[in-house]
Amino acid sequence: MGVHEINNICIVGAGNMGHQIALSAALAGFKVKCTDVNEEVLQKAEQFVSTYLPERVAKGKMKQADADAARANLMFTSDLAESASDADLVIEAVLEKLEIKRQLFAQLDSLCPQHTILASNSSYIVSSKIVDVTSRPEKVCNMHFFNPALVMKLVEVVKGPHTSEETTGTLMEVCVRMGKTPVLLQQEIYGFLVNRMLAAIKNEAIYLLDMGIAGHEDIDRAVTLALGHPMGPFRLMDLTGVDLTYYVGMERYQETGDPAYRPSPSIVEKFIKKEWGRKTGKGFYDYP
Ligand code: 3HC
């Protein structure tokens, strides 16, 4: 199966990552159904698209005809069964919780045609932790996008021991058609390439903050102005979601028992206060 056989893509999860992946795919000419169980999340996603496309046209970055075609290619729906029934590729972008993903993949396996590739956009959960609930191991893979997915060019395609080369090859081609640059990981590893490197910086930044060495704004300034990153680690956490940092730390701590992974006091405090970053209007910074 090659990219020419991928016409219909189903994105499960219309949150931050899901709806931007969906729109990227629709802009590339795929027919996309983006689903979510939460009507409010679906409405927000649809609202984003209705604002984003005219803005791009007004800015001169997109032709009206391309915006119209992308809008026509994209549907938001809460009907997972219908969306999965004609999908050639499913990209899962739901909450970063193993049990939720396992339940979803079992459901998808029964709803999707036998040829459908089931990919996970998970940042940390490798597909071999999910694959046993499906009857198509060779078609199960990680396909990891970056935030904001409409802008960031990289996608990590991660081959599990069960994944066929045909599947990774098709996913790499899908990425290219979406205007992305894929990298192939031949083996699964926790955090893949990018999040492993990012974690080193993020953990050090949180340590420096919790020790009272500097405030988050100065730490961000140091990283942007001295290391040349487009954003410092705290602004980036606000973009990707402080809740995600919390969940990932908790999941890893529960899995390994290693207290080094336990979310730090500043992250726990923000999580409890629902200061999750841009999506809640406040994180390390304010988003009025
Ligand atoms: N959604 C869609 N488009 C966005 C956007 C968003 N949230 N934010 C910015 N953009 C677009 C703008 O429309 C603009 O497009 P244009 O140049 O074609 O008009 C372009 O991006 C640049 O935006 P701005 O000029 O407003 O701002 P910046 O130049 O600061 O760029 C940024 C914004 C692209 C977010 C840049 O700051 C950046 O690259 N930050 C780092 C992001 C990063 O590191 N991402 C990886 C996170 S790790 C991750 O995703 C792991 C996962 O597991 C969670």
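What you are looking at is a predicted structure, and each value in this text was computed from that prediction instead of being measured.

**Things to note about the UniProt feature "domain: 3-hydroxyacyl-CoA dehydrogenase NAD binding" (unreviewed entry) in the protein**
Here, UniProt's "domain: 3-hydroxyacyl-CoA dehydrogenase NAD binding" (unreviewed entry) annotation points to residues 9-186. Structurally, residues 9-186 is divided into 42% helix and 21% strand, and its ends, taken at the C-alpha atoms, are 24 Å apart.

**Observations concerning the packing of helix α1 (residues 16-27) against helix α2 (residues 39-58)**
At a minimum axis separation of 10 Å, α1 and α2 run at an interaxial angle of 45 degrees. By the angle between their directions, the pair α1 and α2 is classed as oblique. The handedness of the crossing between α1 and α2 is right-handed. For the pair formed by α1 and α2, the contact residues are His19, Gln20, Leu23 and Leu27 on the first element and Ala45, Phe48, Val49, Tyr52 and Leu53 on the second.

**Here's the deal with the sheet that holds strand β2 (residues 31-35)**
Strand order in the open sheet formed by eight strands is β3-β2-β1-β4-β5-β6-β7-β8, with mixed pairing between adjacent strands. Edge positions in the sheet fall to β3 (74-77) and β8 (181-185), since each of these pairs with one other strand and no more. The average undirected angle you get between the axes of adjacent strands in this sheet is 25 degrees. Pairing analysis gives five bridges linking strand β1 (residues 8-12) to β2, with the strands arranged parallel. Paired with Asn8 across the strands is Lys31, a residue of β2.

**Some points on the UniProt feature "domain: 3-hydroxyacyl-CoA dehydrogenase C-terminal" (unreviewed entry) in the protein**
Mapped onto this numbering, the UniProt entry annotates "domain: 3-hydroxyacyl-CoA dehydrogenase C-terminal" (unreviewed entry) at residues 191-287. Taken as a whole, residues 191-287 contains 62% helix and 0% strand, while its terminal C-alpha atoms sit 28 Å from one another.

**Things to note about the site of the ligand**
Taken together, 18 residues lie around the ligand, and Arg56, Lys59, Ser123, His144 and Asn147 are the ones closest in. The side chain of Lys59 places a nitrogen or oxygen atom 2.9 Å from an oxygen atom of the ligand. Considered on its own, the ligand offers 1000 Å² of accessible surface; in the complex 66% of this is hidden by protein. Those elements that place two or more of their residues in the shell around the ligand are α7 (194-210) and α9 (233-240). Within the shell around the ligand, the residues separate by chemical class into nine nonpolar, six polar and three charged. Each of two domains, domain 1 (8-185) and domain 2 (195-280), supplies a minimum of three residues to the shell around the ligand.

**Side note on the nonpolar core**
If you look at the biggest cluster of nonpolar residues, it comprises 39 residues, and the most contacted ones within it are Ile9, Phe30, Leu74, Leu89, Met143, Phe145 and Val174. When near neighbours in sequence (up to four residues on either side) are disregarded, Met143 contacts Ile91, Ala119, Ser120, Asn121, Val155, Glu156, Leu171, Val174 and Cys175.

Analysis parameters
- Residues numbered from 1 in each chain as written.
- Predicted model: local features only at pLDDT ≥ 70, side-chain atom pairs only at ≥ 80, totals over all residues.
- Heavy atoms only, no water.
- UniProt positions renumbered as here; feature names shortened; annotations may be inferred.
- Helix = DSSP H or I, 4+ residues; strand = E, 2+ residues; numbered from the N terminus.
- Axes fitted to C-alpha atoms, helices over the stretch in contact; angles between N-to-C directions.
- Parallel < 35°, antiparallel > 145°, perpendicular 65-115°, else oblique.
- Left-handed = near helix turned anticlockwise from the far one by under 90°.
- Contact = heavy atoms within 4.5 Å.
- Pairing = 2+ DSSP bridges.
- Near = heavy atom within 4 Å.
- Polar contact = N/O pair within 3.5 Å; in protein donor to acceptor, adjacent residues only side chain to side chain.
- Areas by Shrake-Rupley, 256 points an atom, 1.4 Å probe, with all protein chains shown as cover.
- Nonpolar A, V, L, I, M, F, W, Y, C, P; charged D, E, K, R; others polar.
- Domains from an automatic or database assignment.
- Core = buried A, V, L, I, M, F, W, Y, C linked by side-chain atoms within 4.5 Å.
- Buried < 20%, exposed > 50% of the residue type's maximum accessible area, 1.4 Å probe, protein only.

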